[in-house]
Amino acid sequence: MATRRTTKKPNVSKEELLGYYRDMLLIRRFEEKAGQLYGMGLIGGFCHLYIGQEAVVVGLEAAAEEGDKRITSYRDHGHMLACGMDPKGVMAELTGREGGYSKGKGGSMHMFSKEKHFYGGHGIVGAQVPLGAGLAFADKYLENGRVTFTYFGDGAANQGQVYETYNMAQLWDLPVIFVIENNQYAMGTSVARSTKSPSLWERGAAYGIAGEEVDGMDVLAVKAASEKAVAHCRAGNGPYILEVKTYRYRGHSMSDPAKYRTREEVQKMREERDAIEHVRQLLLSGKHATEDELKAIDKEIKDIVNEAAEFSKESPEPALEELWTDIYAETAPQNA
Amino acid sequence: MATEVLMPALSPTMEEGTLAKWLVKEGDTVSSGDILAEIETDKATMEFEAVDEGIVGKILVAAGTEGVKVNTPIAVLVEEGEDADAAVASAPAPAAEAPAPAPAPSAPAAAAPAAPVASATLEPDYPEGTEMKSQTVREALRDAMAEEMTRDETVYLMGEEVAEYQGAYKISQGLLDQFGAKRVVDTPITEHGFAGLAVGSAFGGLRPIVEFMTFNFAMQAIDHIINSAAKTLYMSGGQMGCPIVFRGPNGAAARVAAQHSQDYAAWYAQIPGLKVVMPYSASDAKGLMKTAIRDPNPVIFLENEILYGRSFDVPVLDDYTVPFGKARIWREGTDVTIVSFGIGMTYALEAADKLAEEGISAEVIDLRTLRPIDYDTVLASVMKTNRCVTVEEGWPVASIGNHLSSYIMTNAFDYLDAPVLNCTGKDVPMPYAANLEKHALVTTAEVIDAVKAVTYR
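Parameters at a glance
Residues numbered from 1 in each chain as written. Chains lettered and ligands numbered in written order. Predicted model: local features only at pLDDT ≥ 70, side-chain atom pairs only at ≥ 80, totals over all residues. UniProt positions renumbered as here; feature names shortened; annotations may be inferred. Domains from an automatic or database assignment. Nonpolar A, V, L, I, M, F, W, Y, C, P; charged D, E, K, R; others polar. Helix = DSSP H or I, 4+ residues; strand = E, 2+ residues; numbered from the N terminus. Contact = placed C-beta atoms within 7 Å. Expected span 1.5 Å × (residues − 1). Buried ≥ 20, exposed ≤ 12 C-beta atoms within 10 Å, placed from the backbone. Pairing = 2+ DSSP bridges.

You'll find chain B entered in an unreviewed UniProt entry as Pyruvate dehydrogenase E1 component subunit beta, with Tropicimonas sediminicola given as the organism. According to UniProt, the comment filed for chain B under the heading Catalytic activity (unreviewed entry) is "N(6)-[(R)-lipoyl]-L-lysyl-[protein] + pyruvate + H(+) = N(6)-[(R)-S(8)-acetyldihydrolipoyl]-L-lysyl-[protein] + CO2". The Subunit (unreviewed entry) field of the UniProt record for chain B holds the comment "Heterodimer of an alpha and a beta chain."

Going by the annotation in an unreviewed UniProt entry, the name recorded for chain A is Pyruvate dehydrogenase E1 component subunit alpha, with Tropicimonas sediminicola given as the source organism. Its UniProt record, at the heading Catalytic activity (unreviewed entry), says of chain A: "N(6)-[(R)-lipoyl]-L-lysyl-[protein] + pyruvate + H(+) = N(6)-[(R)-S(8)-acetyldihydrolipoyl]-L-lysyl-[protein] + CO2".

Spelled out as structure tokens, the structure:
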């Protein structure tokens, strides 16, 4: 685990810090609630929580502009909240209800929002990587100046299609940022047990793709790296790789007993490296906010999450006719 | 001792070619590896090298001659002092009697003349009196893509060797010149990767045409075809469509053995979210390709290498399209319904001709699209003839024929006077040996036997 931290006093405004705090806290509280609803049997199937990794997507989104695209794997709730999707629609999809983003037909792993340029939510490990490069191919073809954030994990980093995509992305100068969310464990297999070379981003060098490692528990470090990557892509220099070192506190999915790591390891990370606590301390030590002000934000977030949970329970199950809809499109979609 | 130089077969399906240019003249001394001539096949122009050494005694086929059959002597090499004319006179194998090279294994198909097939459609897809021209399936596909690329700027073609090489099977001939490298994109050999990338570009607002050099290679990419392309509209509750065409040759070609000879019709036809097209004629190839490119859904377009070079009448219309889900009745009949699609139609039509000679009247239906399937046309015909035989090159288990049999049994059981029989490829990997390959494929004789069985003749 990289332990680089922002030691010097960061040059960052109060509003910006509060924004990160709010966004990360929303993801954490949302995920905690999702875990709770899963335990109550309201959410079924697979449910992969993002707790611990919040700084990754919040930091990356800080450098995104309107129209930029994002695509990720099945651990996707955080990405949806971070790009501004409605927590109610996400939670109602988790409960399989009509009010969900996919009308209850996609579930935790398959959600999309054309409005927010969120292209899923993909359940096959690594499949989103060429798909993300394809979004970037379309942007380059359409000359619209947008970039695509393509997220995948340390597990997906061993899929062949990732390297097929690296080759094409660099060959064609595609404006795509490959974000490797290295949370150290591909389900139950640690990076050390699955990967000979410990550095995943350096594999891009074989294709001539620039990249770097980033401390994923420090939202400011992630944001700074994201800005650099976005500038690289938007200037027409082709793809960029960010290997963001992070840590998931919960199991791979809800049914993971997590025997592959010690409780102490998880506890140590939570106590010493928690990304939300880090921003909280920056806010307090920089006198940007008082405990009371932060408590007010906590309350505000809690209300949003509770409201989402209520909506997800009250929203009806999809009508049976929905079984037979959305198999074929009648008219051409306007996706761009 | 004189040596004949024979017209070479330069591809598995080549039967004849054009002797474009001689690079040697009579009297020249040549040795092994020297380039003798340029030969134009339906796919490419290739240089033809000498295998033996000697003096070019006589050139038998002049430069520019078209339709030179494979194995025709095109020149004679003589030794020093040997008389060329005498050598020619004594040459043992005149062109016409030259033994066929490895006889094209899917014999009925490959041996069929390239002459236009008379269109016997009963419900033509174009107005009566439309001007027709003879075109190969290859040209029809090319024209369809060019017309749609002209019509819509977001349509682009991607695949291995589609641009500078002009297509491994020359389907994209000339498209690079016409549309440029931005829209005709050569990919690395990376099917899984470029199929996924193309699907992503469809999510992003483009309309890709992805050429697989053959559908055998699409197995590397099938996760993206099914999980990413076919299911996303449903998984997104209707938000995220994927307008894309996956096209390329499917099924057996000739003598390319197990890994290059599989028919995927039944595989893809099983997947909700995909549309599956498998044309037989050039006019259908053109009209269906244009429809496929315009369709807002992922379309699997299964072509056939052996059919690429066959000519058919194609209507001369500015914008000729053929709708999906509408079968074509090629031949009307009263005793039995033969249902087929793609290259299977070759056997079906040939069998119908022979059966007619024996007084059995077969109605022949070309499904043209396998998803959606035009069940109504099949049922109406079976209710009239009371008998049905299906024909396809694919394997027997879970075949399109199996599915049709079930559908007919469910919906027209009382009309049947005999069980529906399925003629399919054999339940074996494709062998290489010419005789074995011929038997592994469905044959016209098997179709005739099946028809006789269901008509109790």
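Having put the structure on the table, let's press on.
K.L.:
How should the domain arrangement of chain B be read in this particular structure?
P.N.:
Bring the parts together and some accessible area is lost; that lost area is often taken as the interface size. All names here are of chain B. For chain B, the assigned domains read domain 1 (3–99), domain 2 (138–315) and domain 3 (328–454). Distance between the C-alpha centres of domain 1 and domain 2: 37 Å. Per-class residue counts for the side of domain 1 that touches domain 2 are two nonpolar, one polar and two charged.

K.L.:
How should the UniProt feature "coiled-coil region" (unreviewed entry) in chain A be read in this particular structure?
P.N.:
Look at the UniProt record and you will see "coiled-coil region" (unreviewed entry) annotated at residues 287–314 of chain A. Spanning residues 287–314 of chain A, this segment combines 86% helix with 0% strand, and its end C-alpha atoms are found 41 Å apart.

K.L.:
Is there a simple way to explain the interface of chain A and chain B in this structure?
P.N.:
Listed by partner, the interface residues are 38 residues for chain A and 34 residues for chain B. For the side of chain A that touches chain B, the elements supplying multiple residues, two or more each, are α5 (128–142) and α6 (160–171) of chain A. Per-element tally for the side of chain A that touches chain B: the top contributor is α5(A), with 11 residues. When grouped by side-chain class, the residues that make up the side of chain A that touches chain B number 20 nonpolar, 12 polar and six charged.

K.L.:
Just checking my understanding: could you explain helix α11 (residues 344–357) of chain B for this structure?
P.N.:
For an α-helix, the turn length of 3.6 residues means that residues three or four places apart are oriented alike. All names here are of chain B. Between the first and last C-alpha of α11 there are 21 Å, a value that for 14 residues agrees with the 20 Å anticipated at 1.5 Å per step. Listed as buried for α11 are Gly344, Met345, Thr346, Tyr347, Ala348, Leu349, Ala351, Ala352 and Leu355. At the C-terminal side of α11, Gly359 shows a positive phi close to 85°.

K.L.:
Just to check I follow, could you spell out the environment of A:Trp172 for this structure?
P.N.:
Residues and elements named next belong to chain A. Along the polypeptide, Trp172 turns up in the loop between α6 and β4 (176–182). For Trp172, a count of 17 C-beta atoms within 10 Å puts it in the partly exposed group. In the structure, Trp172 is positioned 66 residues away from Gly238 in sequence and 7.4 Å away in space, judged by C-alpha atoms.

K.L.:
Sorry, what's going on with the sheet that holds strand β6 (residues 54–59) of chain B here?
P.N.:
All names here are of chain B. In spatial order, the strands read β1-β8-β6-β3; together these four strands make up an open sheet with antiparallel pairing. Of all strands in the sheet, those with a lone pairing partner are β1 (3–6) and β3 (29–30), marking the two edges. The sheet contact formed by β6 and strand β8 (residues 73–78) spans four bridges and is antiparallel. Bridge pairing in β8 places Ile55 opposite Val78.

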